[in-house]
Amino acid sequence: MKKLYDIVIIGAGIAGSAIARELSRYDLKIALLEKEADAAFGVSKANSGIVHAGFHSAPGMVKSRLCVRGNYLYGELKDELDLPFERKGELMIARGAEDEEKLEFFLKQGNQLGVPDLKIVRGEELRRLEPQLSDEITAALYAPSAGVINPYETVYRFVQNAMQNGVEFFPDSEVVAVAEGIVETTEQTFETKYIINAAGLNAAKIAEMAGLHTFDIKPRKGQEYLLDRKASALVNHVIFPLPSKTSKGILVIPTLDGTVMIGPSAEDGRDDDTTTNDVFDAILASTRTIIPSITPKLLISAFAGVRPVATGDDFIIGPTGVKGFINVAGIQSPGLTAAPAIAEAVVAILKKNGDLLLNKKSDFIAYVPRHPKARTMGKEDLSRSVALDPHFGKLVCRCEHVSEAEIRQAVREGASTLDGIKLRTRAGMGRCQGGFCTYRILEIMAEELGVPMTELTKKGANSALLAKDLKNDR
Amino acid sequence: MTDKPVVIVGGGPAGLIAATAAAEQGANVILVDREKHAGGILNQCIHTGFGLAFYKEELTGPEFAERAAASALVKGVKFMNETSVLSVSGKTVSVINEHGVSDIDAGAVVLCTGCRERPRGALHIPGTRPAGVYTAGLAQKLVNIAGFLPGKRIVILGSGDIGLIMARRLTLEGAEVLAVVEVMPAPGGLRRNIVQCLDDFGIPLYLSHTVTDIRGKNRVEGVTIAKVDEKFNPVEGTSFDLDCDTLLLSVGLIPENEIAETAGAEIDPASNGMLVDENLMTTVDGVFGCGNALHVHNLVDDLAVEAAQAGKNAALYAAGHVFAPCTIPVVNDGAFGNVVPARVSGTQPAVIRFRVRRPQKGAAVSVGTFSKRFAHLQPNTMESVTVPADAFTDKKEAVLCLNNTL
Amino acid sequence: MSEQHVVTCTVCPNGCEITVTVENGQAVSVSGNRCKRGEPYAKAEVVNPVRTLTALVRLNGGECAMCPVKTSRPVFKKDLKALAEKALSITVDAPVRCGDVLVSDFDGNGADLLAARSIGAKG
Ligand SMILES: Cc1cc2nc3c(=O)[nH]c(=O)nc-3n(C[C@H](O)[C@H](O)[C@H](O)COP(=O)(O)OP(=O)(O)OC[C@H]3O[C@@H](n4cnc5c(N)ncnc54)[C@H](O)[C@@H]3O)c2cc1C
Ligand SMILES: Cc1cc2nc3c(=O)[nH]c(=O)nc-3n(C[C@H](O)[C@H](O)[C@H](O)COP(=O)(O)OP(=O)(O)OC[C@H]3O[C@@H](n4cnc5c(N)ncnc54)[C@H](O)[C@@H]3O)c2cc1C
Ligand code: SF4
């Protein structure tokens, strides 16, 4: 059976989900398709989690404008969706006079783009902001509007709120064919007026399915390393070196979870998620020139993400030669930052086309509080939560203080894999990395989903976690 | 004199034995554990090898746990199961369970929170991130408690005791263990476990080797193994691949001290254990520590002695006893991996527990005027000396020295 | 003819290296053991080695899926795998008490299979 939609969005990363949430304000029938078992399993899961201030790229590029606007919009979204976002501020550092001239350049560029409250800080003021900074650092460009965000939680907030407002979400649905007004997945066929191609690394492939050969996507891998909470005493702001041609350099990032992240690398042509020792050594060495007190002993985890870099090195957002097919492609850094502005841009394109009635819903739910988390609740709130749901009284993940209630909530909200639980709740992301809690989480998942334990996966198809049930298998 | 309870945090063997010892002193004892059944890590250690010294009988882990729990019960210890301790502040213990959050006003606290396993990230093994990479202890729980095989073709990285024990368990339950890979030139686990867990089943042990790559996008498909040089760097041309669906990590245990941190107890940055004095009191007055949370023990029997001392002292403290001030720091001369306690009083005999960094034959361990010779000392085995009070002649510091004249 | 074998004692964690002298297929003397329990172990080790088996049986209606078990005395090492497999094919009903004999003469040589943990019935 074919289904009729106004809009089909391909890809539930930060771009696709922000678009879905923004469009859910209007009276439209919308489908959000994702090939993986859950949203946020693509690029949007593995990045630095920075909402950049926006002084990095040249005026005139699409990404520059959308970055500054996106940064602003996160302020509003934080209130509406209770997003895990905090404006910690960015510092771009300089060592000596030559570097400081470059800071002046970025100051001017930022001002031109409308980045608020930029200034250059030195001496005492700089040390007050960042006491552990290496002595060699003489000045920094300070951007207080920059922040850190939990990228995957943000995707889940967008998807969840979009669904509350009527968007249909289809996980495990890989798009295999596209034509004017038609999207075919491995599961079913969608008929639709508009198709939005937000397929991240696969955006060029999807465009080709529609017969468009206008751009290429090249992968650019980045490795990131997570340090123990102990390191959080060492940094207060996101700290950048001066950028190179391909990347913003190796950063030191105080995450929202209280850990510190260092990275990313920029490895052109690599599209795998492997981490390697040589890159770790380079990242560590570079980090120690900024904060010398960071040591390899603090390492708790590592991961890699891949930036989808389009021909021309800019975002490609707009209508195409195929009627109703809109590209949201090449969303490399700062795509996370820009996502809310990308969503606005898509609405503007639809408005301009004029063939879709964009009526605002009267019953749009804009404000959604986050589910309570045992980790951040005070004793009294926690006691109240336990009274309402005794599952709050059982801490499953001892390192991150995640309660059984939160795990069950995550499954009910759509988490069907261990990684999905982890990204939604942080269970298994702490010091023990799941050593203690994995088994209990699997038990709860099996119970909630009503499937045998041997069918549970880490991240969907072919990633089964258990090989044999000794009690029931022969 | 106070009738405030002694609160024991953690119901593994350390907690059970500390609780029993405190109750034997007449204290009112509450033991808090997050699990439904007390016993801690022992419930998943279904192999034998426990209790030879303490119960004069060779027991399995669950059997040891059952006996320890029964003694605690007989002595009147009150069990608060399925309850997690959130934090300790002063001597107030905040707990959470299905009834809500509450505070217990304790006369003394003993932290027996055990240890955690070193995860993959801390090791930094390169490669992909598929399903099928587990710590050995998690695999132990999956097999022995839950009844699931995590995989069918298994490579184990690290020759710690849990890894060795799991090599045998998995083989007996029908999986194929292809290799145990150890980066050091000597195994991390006990010699007997090499014999009865690997040799008995013909499982190869690769010393001075490591895993240099993990393959597989969704589930582990294989690993690459290579020989390492003295600096632990892979030697070119020595690598080989094994096709497997699982990689188990048995690369060390780290004392688990989140609760000690909330109490403000000082933690030794090198071992991650609490810094305690000869009475096993942490740097926070009235808060004691013992078991694997203090330093990782090989043998539950050694741990039992330490735990009993901590429990007894906690009860004495709660009853108003004042211990002689411990002002003499115990200093490691560098030959030891870690040394417990960190401070002594010099007014009573003190038990000093240690591990050597490198294997020693016929070495003497000395403190002040005291000295004891050991035929063998192994880094993988904890040893102890009981130093008489009058041996602490230097009141500024007590240096633990290793003298090997052979 | 006399020959010497070196075995590692696994009776206790000391792991003594024990030298066993064998004459005409009979272990006649041992040296290197720190205690007397090492002697019978080392002698058996060169003639027909034995081990205590610990394994799992399936538990019906219990608080856990499986019940840990052990043999009441050591069984032949060569039989370990087959006996573990045999244990896994056994299902017992909860509750079980630690020490319950689940199967008598489990190995055909007089070793019983004992429950090694008390596990209550579910619910
Ligand atoms: C290491 C690194 C660090 C970064 N740091 C930052 C930062 O600090 N700040 C910042 O602003 N940006 C950062 N970025 C960039 C940012 O992460 C990306 O721009 C952003 O996540 C891209 O989002 P997306 O939705 O376009 O892509 P994705 O998240 O990849 O979403 C695309 C989705 O489409 C799905 N899909 C693909 N093909 C199909 C198909 N055929 N059918 C159905 N679904 C399909 C994918 O599975 C995926 O879920 C970083 C990137 C990297 C790699
Ligand atoms: C795999 C393995 C094999 C071993 N084999 C042998 C052997 O063959 N022979 C031998 O003699 N010894 C052996 N040992 C050593 C010995 O068993 C351990 O050293 C001992 O079990 C540690 O006891 P513990 O009480 O310190 O910690 P655990 O047993 O880990 O107990 C800690 C308890 O504290 C609880 N807890 C922690 N934090 C909190 C909190 N915040 N709130 C509530 N509860 C909490 C935990 O849930 C747990 O129940 C082995 C150890 C391991 C890990
Ligand atoms: S001989 Fe005695 S001391 Fe030595 S390992 Fe055997 S049982 Fe232990």
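Provided above is the structure to which this section pertains.
Residues numbered from 1 in each chain as written. Chains lettered and ligands numbered in written order. Predicted model: local features only at pLDDT ≥ 70, side-chain atom pairs only at ≥ 80, totals over all residues. Heavy atoms only, no water.

Student: Just give me the short version of the nonpolar core, but keep the residues and values in it.
Tutor: Taken as a class, soluble globular proteins show a tendency for nonpolar side chains to be buried jointly. The biggest cluster of nonpolar side chains holds 78 residues, and the ones touching the most others in it are A:Ile441, B:Leu170 and C:Leu53. Examining the composition of this core, we find that seven residues originate from one element, helix 4 (residues 136–146) of chain B, more than from any other. Residue contacts for C:Leu53: discarding those within four places in its chain leaves B:Leu172, C:Val69, C:Lys70, C:Thr71, C:Val75, C:Leu80, C:Leu83, C:Ala84 and C:Phe106. Listed in part, the 64 residues of the second largest apolar core include B:Ala18, B:Val85, B:Val93 and B:Ile267. (Core = buried A, V, L, I, M, F, W, Y, C linked by side-chain atoms within 4.5 Å. Buried < 20%, exposed > 50% of the residue type's maximum accessible area, 1.4 Å probe, protein only. Helix = DSSP H or I, 4+ residues; strand = E, 2+ residues; numbered from the N terminus. Contact = heavy atoms within 4.5 Å.)

Student: Describe the interface of chain A and chain B, listing the residues and the values that go with them.
Tutor: The interface of chain A with chain B comprises 49 residues on the first partner and 50 residues on the second. Summed over both partners, the interface of chain A with chain B comes to about 4,300 Å²; 55% of that surface belongs to carbon and sulfur atoms. Linking chain A with chain B are two salt bridges. The interface formed by chain A and chain B holds 15 residue pairs in polar contact (both at pLDDT 80 or more) in total. Elements represented by at least two residues in the side of chain A that touches chain B include exactly helix 7 (277–288), strand 18 (299–310), helix 9 (379–388), helix 12 (438–449) and strand 23 (468–469) of chain A. Sorting elements by how many residues they give to the side of chain A that touches chain B places strand 18 of chain A first, with five residues. Here the side of chain A that touches chain B is composed, by residue class, of 22 nonpolar, 15 polar and twelve charged. Sheet topology places strand 23 of chain A next to strand 12 (residues 148–149) of chain B; two bridges connect them, and they run antiparallel. Across the sheet, A:Lys468 pairs through a bridge with B:Leu149, a residue of strand 12 of chain B. (Buried area = accessible area lost by both parts, 1.4 Å probe. Salt bridge = Lys/Arg side-chain N within 4 Å of Asp/Glu carboxyl O. Polar contact = N/O pair within 3.5 Å; in protein donor to acceptor, adjacent residues only side chain to side chain. Nonpolar A, V, L, I, M, F, W, Y, C, P; charged D, E, K, R; others polar. Pairing = 2+ DSSP bridges.)

Student: I'd like a description of the packing of aromatic side chains, backed by residues and values.
Tutor: Given two aromatic rings, one states the distance between the centres and the angle between the planes to describe the pair. Within the structure shown, the criterion is met by 14 aromatic pairs over all chains. On the basis of an interplanar angle of 50° and a centroid distance of 4.8 Å, the ring pair of A:Tyr225 and A:Phe280 is categorised as tilted. Taken together, the residues A:Tyr225 in strand 13 (residues 217–227) and A:Phe280 in helix 7 connect sequence positions 55 residues apart. When its relative accessible area of 0% is taken as the criterion, A:Tyr225 is described as buried. For the ring pair B:Phe354 and B:Phe374, a centre distance of 5.9 Å and an interplane angle of 90° mean the geometry is edge-to-face. Here B:Phe354 is found in strand 25 (residues 350–356), whereas its partner B:Phe374 is found in strand 27 (residues 370–377), with 20 residues between them in sequence. Like B:Phe374, B:Phe354 is buried. The aromatic ring of A:Tyr156 is capped on one face by A:Arg424, whose charged end is 3.8 Å from the ring centroid. (Phe/Tyr/Trp six-rings, centres within 6.5 Å; stacked < 30°, edge-to-face > 60°. Lys NZ or Arg CZ within 6 Å of the ring centre and 35° of its normal.)

Student: So what about the site of ligand 1? Which residues, and what values?
Tutor: Residues and elements named next belong to chain A. The environment of ligand 1 is formed by 40 residues, the closest being Glu34, Ser44, Ile50, Ile331 and Thr337. Lys35 is positioned such that a nitrogen or oxygen atom in its backbone is 3.1 Å from a nitrogen atom of ligand 1. Val175 is positioned such that a nitrogen or oxygen atom in its backbone is 2.8 Å from a nitrogen atom of ligand 1. When ligand 1 sits alone it has 1,000 Å² of accessible area, and the protein chains cover 98% of it. For the shell around ligand 1, a count of residues per class yields 17 nonpolar, 17 polar and six charged. (Near = heavy atom within 4 Å. Areas by Shrake-Rupley, 256 points an atom, 1.4 Å probe, with all protein chains shown as cover.)

Student: Pulling in residues and values, what's your account of the pairing of strand 2 (residues 30–33) of chain A?
Tutor: Residue and element names in this part refer to chain A. Neither face of strand 2 is exposed, since Ile30 and Leu32 on one face and Ala31 and Leu33 on the opposite face are all buried. With four bridges connecting them, strand 1 (residues 3–10) and strand 2 associate as parallel partners. Each bridged residue has a counterpart across the sheet, and for Ile9 the counterpart in strand 2 is Leu32. Where the polypeptide runs from strand 1 across helix 1 (residues 14–23) and back to strand 2, its parallel neighbour, the crossover connection is right-handed. Bridge count for strand 2 against strand 9 (residues 168–170) is three bridges, and the pairing is parallel. The partner of Leu32 across the bridge, within strand 9, is Phe169. (Right-handed = clockwise from strand over helix to strand, strands pointing away.)

Student: So what's going on with the site of ligand 3? Residues and values would help.
Tutor: Taken together, C:Cys9, C:Val11, C:Cys12, C:Asn14, C:Gly15, C:Cys16, C:Asn33, C:Arg34, C:Cys35, C:Arg37 and C:Gly38 make up all the residues around ligand 3. Class assignment for the residues of the shell around ligand 3 results in five nonpolar, four polar and two charged.

Student: Summarise helix 5 (residues 151–164) of chain A; cite the residues concerned and give the values.
Tutor: Residue and element names in this part refer to chain A. Taking 1.5 Å per residue as the helical rise, helix 5 with its 14 residues ought to reach 20 Å, and the 20 Å between its terminal C-alpha atoms agrees with that figure. In terms of burial, helix 5 is largely enclosed, as twelve of its 14 residues are buried. Here helix 5 has its buried residues at Pro151, Tyr152, Glu153, Thr154, Val155, Tyr156, Arg157, Phe158, Val159, Gln160, Asn161 and Ala162. At the N-terminal boundary of helix 5, the capping side chain belongs to Asn150, with an oxygen 3.3 Å from the backbone nitrogen of Tyr152. Among the residues trailing helix 5, Gly166 stands out with phi positive, at a value near 100°. (Expected span 1.5 Å × (residues − 1).)

Remember, this is a structural readout, not a statement about activity or role.
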